[in-house]
There are 4 protein chains.
Amino acid sequence: MPGMPPSPSSPRFAYLGPEGTFAEAALSRAIATAGGRRDPQPSVAAALAAVRSGDADAALVPLENSVEGSVPATMDGLADGDPLVITREVYLDVAFVLAVRPGTAPAAVRSVASHPHALAQTSGRLAELLPGLSPLPSASTAAAAAAVAAGEVDAAVCAAIAAERYGLDTLVDDVADHPGAVTRFVLVSRPGPLPAPTGNDKTSLVAIVGDRTGALLELLREFAVRGISLTRIESRPTRERHWFYSFSMDCEGHVADSRVGEALAALHRVCDDVRFLGSYARADGRENRAVPPESSDEAFVEAGQWLAGVRAGEI
Amino acid sequence: MPGMPPSPSSPRFAYLGPEGTFAEAALSRAIATAGGRRDPQPSVAAALAAVRSGDADAALVPLENSVEGSVPATMDGLADGDPLVITREVYLDVAFVLAVRPGTAPAAVRSVASHPHALAQTSGRLAELLPGLSPLPSASTAAAAAAVAAGEVDAAVCAAIAAERYGLDTLVDDVADHPGAVTRFVLVSRPGPLPAPTGNDKTSLVAIVGDRTGALLELLREFAVRGISLTRIESRPTRERHWFYSFSMDCEGHVADSRVGEALAALHRVCDDVRFLGSYARADGRENRAVPPESSDEAFVEAGQWLAGVRAGEI
Amino acid sequence: MPGMPPSPSSPRFAYLGPEGTFAEAALSRAIATAGGRRDPQPSVAAALAAVRSGDADAALVPLENSVEGSVPATMDGLADGDPLVITREVYLDVAFVLAVRPGTAPAAVRSVASHPHALAQTSGRLAELLPGLSPLPSASTAAAAAAVAAGEVDAAVCAAIAAERYGLDTLVDDVADHPGAVTRFVLVSRPGPLPAPTGNDKTSLVAIVGDRTGALLELLREFAVRGISLTRIESRPTRERHWFYSFSMDCEGHVADSRVGEALAALHRVCDDVRFLGSYARADGRENRAVPPESSDEAFVEAGQWLAGVRAGEI
Amino acid sequence: MPGMPPSPSSPRFAYLGPEGTFAEAALSRAIATAGGRRDPQPSVAAALAAVRSGDADAALVPLENSVEGSVPATMDGLADGDPLVITREVYLDVAFVLAVRPGTAPAAVRSVASHPHALAQTSGRLAELLPGLSPLPSASTAAAAAAVAAGEVDAAVCAAIAAERYGLDTLVDDVADHPGAVTRFVLVSRPGPLPAPTGNDKTSLVAIVGDRTGALLELLREFAVRGISLTRIESRPTRERHWFYSFSMDCEGHVADSRVGEALAALHRVCDDVRFLGSYARADGRENRAVPPESSDEAFVEAGQWLAGVRAGEI
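A brief look at the structure comes next. (Residues numbered from 1 in each chain as written. Chains lettered and ligands numbered in written order. Predicted model: local features only at pLDDT ≥ 70, side-chain atom pairs only at ≥ 80, totals over all residues. Heavy atoms only, no water.)

Description of the relation of the copies chain C and chain B
Here is step 1 of the chain: Between chain C and chain B, which share one sequence, the superposing operator has a rotation angle of 180° and an axial displacement of 0.0 Å; the RMSD is 0.1 Å. Classification of the inter-copy transformation places it as that of a two-fold axis.
Here is step 2 of the chain: A shared binding surface is used by both copies, with 100% of the interface residues of chain C retained as interface residues in chain B. (Least-squares fit on C-alpha atoms with pLDDT ≥ 70 in both. Contact = heavy atoms within 4.5 Å.)

Topic: the sheet that holds strand E12 (residues 201–209) of chain C
Residues and elements named next belong to chain C.
Here is step 1 of the chain: Pairing within the open sheet is antiparallel, and its 4 strands lie in the order E13-E14-E12-E15. Each edge of the sheet is formed by a strand with only one pairing partner; in this case those strands are strand E13 (230–237) and strand E15 (273–281). Averaged over all neighbouring strand pairs, the angle between strand axes comes to 15°, with direction disregarded.
Here is step 2 of the chain: Here E13 pairs with strand E14 (residues 245–252) via 7 bridges, running antiparallel. Counted as the bridge partner of Leu230 is Cys251 from E14. (Pairing = 2+ DSSP bridges. Helix = DSSP H or I, 4+ residues; strand = E, 2+ residues; numbered from the N terminus. Axes fitted to C-alpha atoms, helices over the stretch in contact; angles between N-to-C directions.)

Looking at the interface of chain D and chain A
Here is step 1 of the chain: On the side of chain A, 35 residues touch chain D, which itself brings 35 residues to the contact.
Here is step 2 of the chain: In total, chain D and chain A occlude about 3100 Å² of area from one another, counting both sides; carbon and sulfur atoms represent 64% of this.
Here is step 3 of the chain: The largest contributions to the chain D side of the interface with chain A come from Arg269(D), Trp306(D) and Arg311(D), which together make up 24% of the buried area.
Here is step 4 of the chain: At the junction of chain D with chain A, the criterion picks out 2 salt bridges.
Here is step 5 of the chain: For Glu262(A), the salt bridge goes to Arg226(D), with nearest N and O atoms at 3.1 Å.
Here is step 6 of the chain: Counting the contacts that link chain D with chain A gives 10 residue pairs in polar contact (both at pLDDT 80 or more).
Here is step 7 of the chain: Class assignment for the residues of the side of chain D that touches chain A results in 20 nonpolar, 6 polar and 9 charged. (Buried area = accessible area lost by both parts, 1.4 Å probe. Salt bridge = Lys/Arg side-chain N within 4 Å of Asp/Glu carboxyl O. Polar contact = N/O pair within 3.5 Å; in protein donor to acceptor, adjacent residues only side chain to side chain. Nonpolar A, V, L, I, M, F, W, Y, C, P; charged D, E, K, R; others polar.)

Here we look at the interface of chain C and chain B
Here is step 1 of the chain: Counting residues at the interface gives 35 residues for chain C and 35 residues for chain B.
Here is step 2 of the chain: In this assembly, chain C packs against chain B so that about 3100 Å² is buried in total across both faces, 63% of it on carbon and sulfur atoms.
Here is step 3 of the chain: When the area that chain C buries against chain B is broken down by residue, the three leading residues are Arg269(C), Trp306(C) and Arg311(C), summing to 24%.
Here is step 4 of the chain: Counting across the interface, chain C meets chain B through 2 salt bridges.
Here is step 5 of the chain: Taken together, chain C and chain B are joined by 10 residue pairs in polar contact (both at pLDDT 80 or more).

As for the environment of Gly214(C)
Here is step 1 of the chain: Its place among the elements puts Gly214(C) in the loop between E12 and helix H7 (215–224).
Here is step 2 of the chain: C-alpha separation for the pair Gly214(C) and Val225(C), spaced 11 residues apart in sequence, amounts to 16 Å.

Quick look at the side chain of Gln121(B)
Here is step 1 of the chain: Along the chain, the position of Gln121(B) falls in helix H4 (residues 116–129).
Here is step 2 of the chain: Other than its neighbours up to four places away in sequence, Gln121(B) contacts Glu68(B), Phe96(B), Val175(B), Ala176(B) and Asp177(B).

Structure below.
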């Protein structure tokens, strides 16, 4: 597994549990061919802590969702504490199903439960399908499925994997108000050898800047002058320093690329703090933009040789 | 009330309910001296819908929190649908208390409930204070307080206002893992006459740009060349157009200011779409940066006169 | 004549004389169909002074040469003193001929004279054609031709028009070391109604900035954000203020265009001083770049209407 | 002499002659303590050619004048042909004197001569001092002094050094219309070891860019993002490639400085061509601006180490 320190025994994976959530499905996709132990954790913070403490070799956590946006717990969990790096990204369709005990007819559903986030994304459809019902909150979508299986409620909004696991029937296949949501998960581990460049990579980082006019503009300029595209930028309040802001960003390219390396070094000079969060293969099915000729590794190498000649008085 | 259409009778305010949440406390501060009806709503979307439909004259909703970041439901609710504008902002300290029925000793607490967001912000302290307990999710912090009052659970993590309302005692005053959190609420209404400039104003807007390299850099440049500081910028996925991004921003100044007006007009030209979300008095206790002389209204007026002279052939 | 105040009698034109120089040829092209008096002047300064004093209605002076670069006397003469504006530009091929009295054989040429600038542009060819001769300086290329006619020297480097005027024969047609030189002349007059936009115009101006880092970058940014191309930029020391620099620029478009007008007004705010030097039809046979849709007059008008609506509370 | 290849015998210096011009005075200042041969050359091109061919070890040529601006022959002579580098700059006050044969009274002056450039800079004062006289052109200011000594004309506008050399008396000490002119000369040689950084250096270069909108803006941005101030920028038409422009620039700092080196390497990538013209001690009596902390060599070294750690997976 690229980017992960070798493990004496088989690797241990933490993920945002409980079993039967989307995170478990994403983990299965991420490490399809790998063995290893899978430990559900009660929160993103707990999953990251397990990696930091060495209890796990890697953790799979959600980073952002195409409908709900970024996941604050993951953003902050990666920005603070001991360094962790992303070694892989996984995109997962997050279709919600309406699951019931086998044999339950729609008209027989008297109560429905799910995690409040899932209820928020399905409130419109639920109001149509189950008029008059007040959905009940549960600790997770999987917990709602378990509650259905236990007979505590009649229906759950959950992942298909949870319905299957708890032996439930699917009454409606996709009950999201805005169908087609995709969640991006990342696999993170303690720092170690980076995944090798694949030619279609992304690099993640967090930059912290003071309360200065134009600080963000300066940041962006360092990417722009080197022909690097950003694919995501989020601002977050910093928890520890008042009136400082952190910008969480993904750019195209690998830190091993000259242009990306020089840009990151520039951020290190210009920002109050920069945290490298990993370079890894792009997995959203899209191709990075073509690198402008003047930003290619060849151009950097040639320019470096020219500069060396100039400094040596040979040109 | 500036920015609100005159109401034949007393104004009606919607807010993110239920009663006893922080939003009600913020509303009380926003309209301290105003009368009017106050209608709690089950969701941000419902509160905004009440204004759009005319059922309410204004709605008070949370926009961002100093610890948790922006509130997606409000961001998206203002960006999509019929136009709404912010006419006022309110900052509220959001201290969570641990509330119990009068006479309950700490050792007697066998269960604790709250909204999952509140539980996330207090999980560390709760683990210390009530070791071994698995917190239960509730639909809102106020609902948890009500459940305590009803004897369904022993303790609630809620606002002081809820403890008071349900006749509970406060066991711990501030149980947040990161104390000092502040939530920024905004009062929004249907478009109408803008609040008059106060000299210390902010302007909010949403800009939608296509998937082009440098689009954000272009956006920021329009503010920078006119000497305008941004106080907030958030990127959000657009729900309706794939691969388009929306940037939600606050800048210093009022749209009535020349520099702000020209910058917004420039965004209107340059972006795929721009939505004006209001100009209103800054209320976070800070002063806007000094406007550079070349960006003052006087400089714009003088430049405009000079240009008119040039075009008339008089210079 | 666009841009010139109506003259009670026929117009009077000053130009950089004497008769028989390239400036006279350029003037003939500029005012081909116009009548009027033509007064040669001993210097660019004198030609401009004649217009300022009212002795002339317009002056034709050289602005830049494709080989030698800008003409300092014209740059400074337009930047200082009472305002003057360019109403037309004329491009003229400036081929130098080697002229002798009729019947003079090449081998019989014992002396050659011309203006030092012309000698500088032909020194290589002259050394080949007339080896061993030390060229003599003259006050103008036409004066050299006159000296040949008077028998004072044997050959002159001059314009074809001068050879013709003084009855000389042309020994060599084009003696420039870098053939193909083109000089750009401009017709200037006192401020008055501007030439109407033609759809393919240029605008000239001089901006004075203090000794600040990035001042030029700021200047250029004002054009860049509005989609305006610069076709020329020259820096000049300012004669009157030490450590201030002036930038003489031509941009595409007419000051009547929204984008150009807004950019000039921005320079007026940002710079220590800006002098408008005219908007006039482009005459170098090239087309302006296509105006980006977001920088078109239509886009500005629409953005202005949108802004007016926003300010009126209608959006 | 820094930057010059070792010479078996004593060094040979070429300069823009003839003897008695300002260039000779500047050379004396530049190499005050050095011995060596001094060869006047008839033109800037000839002086540079002498260095290129090895006939001279270095050449002293004028680069720009505080009143007249840049010297095209030097700009182009350094930009084209085999590479040459500047190893020293010298600033010289260029006061023109009005010189006559000893005993000549002002009223007895019937003719005056000088190089046309000198006549241009003194025409106003000459018209006052010697009303009614038409100045005569000469090949150089020193040639005019020689002509006075020879009795061919009565007065010369020349350098004090020329009056002295030809045994003339000074009638008027400073006859410039704009007194206080300063000419900047540069000493150039074939490429070799660079002068060591002094802490107050300048770097000169020529960048060639195609006819693209924003090319100059891109150039300037490479300096701006690295905290480097430009002290001079001139645009010149390129002689060899139509519609390509060259920008001749001086920036603060030495190419051995990290920020300058990285900026030059960036220009090498981004521009069609870049020519390094030398790093040398600043000699205009001014101090470079303070280098921003984030652009210091220390910051670059630290950032480089951080990047190496990131790439090695150690962070």
